[in-house]
Amino acid sequence: MTHNLVAHYVALHNLRDEKALNYLIAHFYEQVAGKVHSMLPDYPYADTIVHDSFMKVWHSGRSFDNPNHYITYVKRTAHNMCVNLAEKWDIEKKHQKEYKRFKFSENPETDSAM
């Protein structure tokens, strides 16, 4: 029964029915959240990534023939968002370490006179 109901809401999603989107978020939220939290356990805005994943799929305009294709696509979207964020974090951490090695002054002219 649940599979048929999900299939119904995926079909409505294809027609851009916002009630269908709300149902699908509620139905699949825990699956997507589990993936995001496992990839970014310390990220304070992980729930935002979950919601953004659903919204990105919604705004893509893509249609799905099968509920499994829908959730797979949402999970893959969430995965890619996590990978991109993790790469950004790594770059920021690298730069933070470099910034700490150098002393920056608000008045570089007085520093060069030393």
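Presented here is an overview of the structure given in this document. (Residues numbered from 1 in each chain as written. Predicted model: local features only at pLDDT ≥ 70, side-chain atom pairs only at ≥ 80, totals over all residues. Heavy atoms only, no water.)

Digging into the packing of aromatic side chains
By the definition in use, this model includes 5 aromatic pairs. Ring geometry for Phe64 and Tyr70: centres 5.4 Å apart, planes at 90°, overall edge-to-face. Tyr70 gets classed as buried once you look at its relative accessible area, which sits at 0%. Chaining the aromatic ring pairs together yields one cluster made of Phe28, Phe64, Tyr70 and Tyr73. (Phe/Tyr/Trp six-rings, centres within 6.5 Å; stacked < 30°, edge-to-face > 60°. Buried < 20%, exposed > 50% of the residue type's maximum accessible area, 1.4 Å probe, protein only.)

Some words on the packing of helix H2 (residues 18-39) against helix H3 (residues 46-60)
Contact pair H2 / H3: the axes reach a minimum separation of 9 Å and the direction vectors enclose 135°. As far as their axial angle goes, H3 and H2 are oblique. Seen from above, H2 lies across H3 with right-handed handedness. On the side of H2, the interface is formed by Glu18, Leu21, Leu24, Ile25, Phe28, Tyr29, Val32, Ala33, Val36 and His37, while H3 contributes Ala46, Asp47, Ile49, Val50, His51, Phe54, Met55 and Trp58. Looking at the contact of H2 with H3, its residues break down into 14 nonpolar, 2 polar and 2 charged. (Axes fitted to C-alpha atoms, helices over the stretch in contact; angles between N-to-C directions. Helix = DSSP H or I, 4+ residues; strand = E, 2+ residues; numbered from the N terminus. Parallel < 35°, antiparallel > 145°, perpendicular 65-115°, else oblique. Left-handed = near helix turned anticlockwise from the far one by under 90°. Contact = heavy atoms within 4.5 Å. Nonpolar A, V, L, I, M, F, W, Y, C, P; charged D, E, K, R; others polar.)

Some remarks on the nonpolar core
Ranked by internal contacts, the top residues of the largest apolar core, which has 26 residues, are Val32, Val36, Phe54 and Tyr70. Those elements that provide at least two residues to this core are helix H1 (2-14), H2, H3 and helix H4 (67-101). No other element matches H2, which puts 9 residues into this core. Dropping the residues within four chain positions of it, Val36 is found in contact with Ala46, Ile49, Val50, Ala78 and Cys82. (Core = buried A, V, L, I, M, F, W, Y, C linked by side-chain atoms within 4.5 Å.)

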